[in-house]
Amino acid sequence: MTTRAVEPWIFEPLVKFVKEAGARLVLLMTPAGQVLAQHGFSRALDVMSAAALGAAIMASTDEIARQLRQPPFAGLNHQGERHGIFLAAVPTGRGRLVALVVYDLDASSLGLVQLFFDELAADLQAASPKDSVPKRVLAADFERELSDSLNTLFGR
Amino acid sequence: MSLVNFTTREITCKIVYYGPGRSGKTTNLHYIYGRVPDSRRGRMVSLATQTDRTLFFDFLPIDLGQISGFSTRFQLYTVPGQVYYNATRRLVLQGADGVVFVGDSQARQLDENLESLQNLQSNLLEHGVDIRTIPLVLQYNKQDLPRELILSPADLDDALNFRGVPSFSADALHGRGVFETLKGISELVLKKLAAGTAA
């Protein structure tokens, strides 16, 4: 199973959490659904679908909490026949992140996931840098490459 | 907000298709889904009602390939157009890098277009985003309908395009204008990314 992190400070806390909690799949994302780290997925485009759905569930429950005039809910759990999912927010120096954890019921449990999730949250809070330095991303003439890519994509 | 991974050299951007109910937002994504090769797209996720109206959003991730040495992916979302679903519409807008406003060209839908555009402005403001600064393009869909039923792109520009942003005539059901619209918003989003992150 592969673990990938967009920003290196997330990698070690995530690997530790996966091992200790016995998680099958984990996503750490921004509240808008942008993936910052993942474990267990094989195809990047599938990760995005899972992240979009996870972020949507989180955004919906945050909105319900707001309408009830109470702080956001701590976490959500759904248990299926073979797998369970756990969804919760993690405050970090880089802002609030959302974690989606999928676990096998014969290898882990909600209690185990919650126990080590608290440690993950503390580890991420400690490891997260506070500032980021903007870097140059795209060359000035990126439009030609973009145009070629889109033409290829649409078979033109 | 765009996500840039300098280690693996990847860029991910979020684009939201916005507009009144039945203007053709989901149809745009269906057409794109049908035209892009399997290897360059993910699953299309649709959270819809039993009558196939968008309930929360449609979602389609596409892989644009290498741009300036970065593997570039776009996440395309639609919002539910029906007035009733404003709370979910606002949630989908969170973190958007660009917006495609899909207008319905039928003359009798002009008020709905205006209302939806005002709703976009107000929902963006809730996220602290000014509609005058976010990358935005307009698409005037259903231009294939009989002339007597629709407004011309020039009329629609007068009524809706207060920013003078790129606008595209479209017949999304048959694909006309869909590609041009996606290309238009992609350029604006990446231009803003290039300007915003320059060292």
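Preceding this section is the structure that the text describes.
Given the structure is predicted, the values throughout are model-derived calculations rather than measurements.

A word on the overall build of chain B
Here is step 1: In terms of regular secondary structure, chain B is built from five helices and eight strands.
Here is step 2: Burial analysis of chain B (199 residues in total) assigns 58% to the buried set.
Here is step 3: Contacts in chain B between residues far apart in sequence, at least 24 positions, make up 69% of those at least 6 positions apart.
Here is step 4: Only carbon and sulfur atoms are counted for the fraction: they give 51% of the accessible area of chain B, which is about 8,200 Å².
Here is step 5: Placing the 21 positive and 20 negative side-chain charges of chain B at their respective mean positions leaves the two points 6 Å apart.

Notes on the sheet that holds strand 1 (residues 3-5) of chain A
Residues and elements named next belong to chain A.
Here is step 1: Taken together, six strands build an open sheet; the order of strands is 1-3-2-6-5-4 and the sheet is antiparallel. A strand with exactly one partner marks an edge of an open sheet, and here the two such strands are strand 1 and strand 4 (75-79). Direction aside, neighbouring strands of the sheet carry axes that sit 15° apart on average.
Here is step 2: Relative to strand 6 (residues 95-104), strand 2 (residues 23-29) runs antiparallel, the two sharing six bridges. By the bridge assignment, V26 is partnered in strand 6 with V101.
Here is step 3: Across the sheet, helix 1 (residues 11-21) lies against strand 1, strand 2, strand 3 (35-39) and strand 6, angled at about 150° from strand 2, the strand it touches most.
Here is step 4: Where helix 3 (residues 110-127) meets the sheet, it contacts strand 2, strand 4, strand 5 (83-92) and strand 6, and its direction lies at approximately 20° from that of strand 5.

What to know about the nonpolar core
Here is step 1: Formed by 35 residues in total, the largest nonpolar core has its most connected members in Y17, I32, I62, L76 and L182 of chain B.
Here is step 2: Breaking this core down by element, the ones donating at least two residues are helix 4 (142-153) of chain A together with strand 2 (10-18), helix 1 (25-35), strand 4 (54-67), strand 5 (70-78), strand 6 (98-104) and helix 5 (178-196) of chain B.
Here is step 3: The element that contributes the greatest number of residues to this core is helix 5 of chain B, accounting for eight residues.
Here is step 4: Contact partners of L182 of chain B, with chain neighbours within four places excluded, come to L150 and F154 of chain A together with Y17, I32, I62 and L76 of chain B.
Here is step 5: Ranked by size, the runner-up nonpolar core spans 30 residues in total, among them A52 of chain A together with F56, L93 and F101 of chain B.

Focus on the packing of aromatic side chains
Here is step 1: Tallied over the full model, the rule gives six aromatic pairs over all chains.
Here is step 2: Judged by centre distance (5.2 Å) and plane angle (75°), the rings of F86 of chain A and F117 of chain A are edge-to-face. In this pair, F86 of chain A is assigned in strand 5 and F117 of chain A in helix 3, connecting sequence segments 31 residues apart. Exposure class is identical for F86 of chain A and F117 of chain A. Each is buried.
Here is step 3: A centroid spacing of 5.5 Å and a plane angle of 65° characterise the contact between F57 of chain B and Y77 of chain B, whose relative ring orientation is edge-to-face. Here F57 of chain B, found in strand 4, pairs with Y77 of chain B, found in strand 5; they are 20 residues apart in sequence, far enough to count as distant.
Here is step 4: Since its relative accessible area comes to 2%, F57 of chain B is described here as buried.
Here is step 5: With a relative accessible area of 3%, Y77 of chain B lands in the buried category.
Here is step 6: Among the aromatic side chains, those forming a connected cluster through ring pairs are F56, F57, F59 and Y77 of chain B.
Here is step 7: Sitting over the ring of Y77 of chain B, K14 of chain B keeps its end group 4.6 Å from the ring centre.
Here is step 8: The ring of Y33 of chain B carries the charged tip of R41 of chain B above its face, separated from the ring centre by 3.8 Å.

Comments concerning the interface of chain B and chain A
Here is step 1: Taken together, the contact pairs 59 residues of chain B with 40 residues of chain A.
Here is step 2: For the chain B face of the interface with chain A, the top three residues by lost area are L3, S68 and F179 of chain B, together amounting to 14%.
Here is step 3: Between the two partners, chain B and chain A, sit two salt bridges.
Here is step 4: Across the pair R90 of chain B and E63 of chain A runs a salt bridge, and its minimum N-O distance is 3.1 Å.
Here is step 5: On the surface where chain B and chain A come into contact, there are six residue pairs in polar contact (both at pLDDT 80 or more).
Here is step 6: Listing elements by their share of the side of chain B that touches chain A, those giving two or more residues are strand 1 (3-5), strand 2, helix 1, strand 3 (45-48), strand 4, strand 5, helix 2 (86-93) and helix 5 of chain B.
Here is step 7: Classifying every residue of the side of chain B that touches chain A gives 29 nonpolar, 15 polar and 15 charged.

Regarding helix 2 of chain B
Residue and element names in this part refer to chain B.
Here is step 1: Most of helix 2 sits inside the fold, with six of its eight residues counted as buried.
Here is step 2: T88, R89, R90, L91, V92 and L93 are the residues of helix 2 that are buried.
Here is step 3: Where helix 2 ends, the next residue or the one after it, G95, has phi of about 75°, a positive value.

What to know about the pairing of strand 5 of chain A
All names here are of chain A.
Here is step 1: Burial of strand 5 is extensive: seven of the ten residues sit out of reach of the surface.
Here is step 2: Here five bridges tie strand 4 to strand 5, and the two strands are oriented antiparallel to one another. Bridge pairing in strand 5 places G75 opposite A88.
Here is step 3: Pairing of strand 5 with strand 6 involves ten bridges; the strand directions are antiparallel. Residue I85 lies in a different strand from strand 6, and its bridge partner there is V102.
Here is step 4: Counting the residues that bridge the hairpin from strand 5 to strand 6 gives two residues.

What counts and how
Residues numbered from 1 in each chain as written. Chains lettered and ligands numbered in written order. Predicted model: local features only at pLDDT ≥ 70, side-chain atom pairs only at ≥ 80, totals over all residues. Heavy atoms only, no water. Helix = DSSP H or I, 4+ residues; strand = E, 2+ residues; numbered from the N terminus. Buried < 20%, exposed > 50% of the residue type's maximum accessible area, 1.4 Å probe, protein only. Contact = heavy atoms within 4.5 Å. Areas by Shrake-Rupley, 256 points an atom, 1.4 Å probe, with all protein chains shown as cover. Lys, Arg positive; Asp, Glu negative; His and termini not counted. Charge placed at Lys NZ, Arg CZ, Asp CG, Glu CD. Pairing = 2+ DSSP bridges. Axes fitted to C-alpha atoms, helices over the stretch in contact; angles between N-to-C directions. Core = buried A, V, L, I, M, F, W, Y, C linked by side-chain atoms within 4.5 Å. Phe/Tyr/Trp six-rings, centres within 6.5 Å; stacked < 30°, edge-to-face > 60°. Lys NZ or Arg CZ within 6 Å of the ring centre and 35° of its normal. Buried area = accessible area lost by both parts, 1.4 Å probe. Salt bridge = Lys/Arg side-chain N within 4 Å of Asp/Glu carboxyl O. Polar contact = N/O pair within 3.5 Å; in protein donor to acceptor, adjacent residues only side chain to side chain. Nonpolar A, V, L, I, M, F, W, Y, C, P; charged D, E, K, R; others polar.

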